[in-house]
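Report on the structure
Single-letter residue listing:
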Amino acid sequence: MRKVAVVILMAILPLFGFSQSVFDKYENMDNVGSVIVNKGMIDLVSKLGSMSDDAEAKEFMEVASGLKNVKVFMTEDASVSADMTSTVKKYLKSSKLEELMRVKDKDVNVKFYVRDGSKKDHVSELLMFVSGLGDIEVGHSGRKLETVLVSLTGDIDLNKIGTLTNKMDLPKELNKASGK
């Protein structure tokens, strides 16, 4: 009886959000830069921002308060980039994400995927995958990224995604996702 209870518990846990993302393996890789913002930090920033009289800050807090986490992974390593591409493809086959749009400019490919949310124009997950960057320098470091993977989960209002990209310094291509 105890074994049955453990099996049932293991099957149910992912439904409650305790499962790890398939992309978490990139968090500790040497050739991958990452930014991970979890719900606790989002809540803290939302509380601090709610004290502001600035309308733009309040709008950001409203949007951010619906997020569970933000994960950004970046690499300039070709083998890690190939692994990211493979992992994204496998994830898309097993998840209920649908392609929202794609943008191709020379060698750069930007793809957006979403999982529908509870309301119209809201999604529970937004995944952006950018590959083929090669010649684009990032910041003052002179670093040339090959691939960027951005994952947002929570209750995301696509009409307000521009507010998030500006305040959290996320890739501006996410603004295009609001065209759903």
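Coordinates for the structure precede this section.
Residues numbered from 1 in each chain as written. Predicted model: local features only at pLDDT ≥ 70, side-chain atom pairs only at ≥ 80, totals over all residues. Heavy atoms only, no water.

1. Let's talk about the nonpolar core
The condition is simple: Nonpolar cores were defined as sets of buried Ala, Val, Leu, Ile, Met, Phe, Trp, Tyr and Cys residues, with membership established by side-chain atoms within 4.5 Å. Exposure is judged per residue with a 1.4 Å probe applied to protein chains only, and the accessible area is read against the type maximum: over 50% gives exposed, under 20% gives buried, and values in between give partly exposed. Segments assigned H or I by DSSP are reported as helices when at least four residues long, segments assigned E as strands when at least two residues long, and all are numbered from the N terminus. Contact between two residues is taken to exist if any of their heavy atoms lie within 4.5 Å; hydrogens are not considered.
Ranked by internal contacts, the top residues of the largest apolar core, which has 22 residues, are V130, V148 and L152. Put simply, the parts of the chain that give this core at least two residues each are strand 2 (67-75), strand 4 (108-116), strand 5 (122-131) and strand 8 (147-157). With near-sequence residues (within four places) excluded, V148 lies in contact with V72, F73, M74, M128, F129, V130 and L133. Judged by nonpolar contacts, the second largest core, of 13 residues, contains V32, F73, V88 and L149.

2. Topic: the pairing of strand 2
Within a regular strand, the side chains alternate between the two sheet faces. Defined as follows: Any two strands between which DSSP finds at least two bridges are classified as paired.
Here strand 2 lies mainly inside the structure; eight of its nine residues are buried. With seven bridges joining them, strand 1 (residues 32-38) and strand 2 adopt antiparallel strand pairing. Paired with I36 across the two strands is K71, which belongs to strand 2. For strand 2 and strand 8, the ladder comprises eight bridges, and the chain directions are antiparallel. Across the sheet, T75 pairs through a bridge with T147, a residue of strand 8.

3. Here's the deal with the pattern of salt bridges
It is possible for side chains bearing opposite charge to pair when their charged atoms get close. Heads up, the rule is: What counts as a salt bridge is simple: a side-chain nitrogen of Lys or Arg found within 4 Å of a carboxyl oxygen of Asp or Glu.
Per the stated rule, a full pass over the model turns up four salt bridges. For K71, the salt bridge identified is with D24, shortest N-O distance 2.5 Å. One end of the pair, K71, is in strand 2; the other, D24, is in the loop between helix 1 (2-12) and strand 1, and 47 residues separate them in sequence. The same class applies to K71 as to D24, namely buried. Measuring nitrogen to oxygen at the nearest pair gives 2.8 Å for the salt bridge that ties R115 to E125. You can see R115 sitting in strand 4 and its partner E125 sitting in strand 5, a full ten residues away along the chain.

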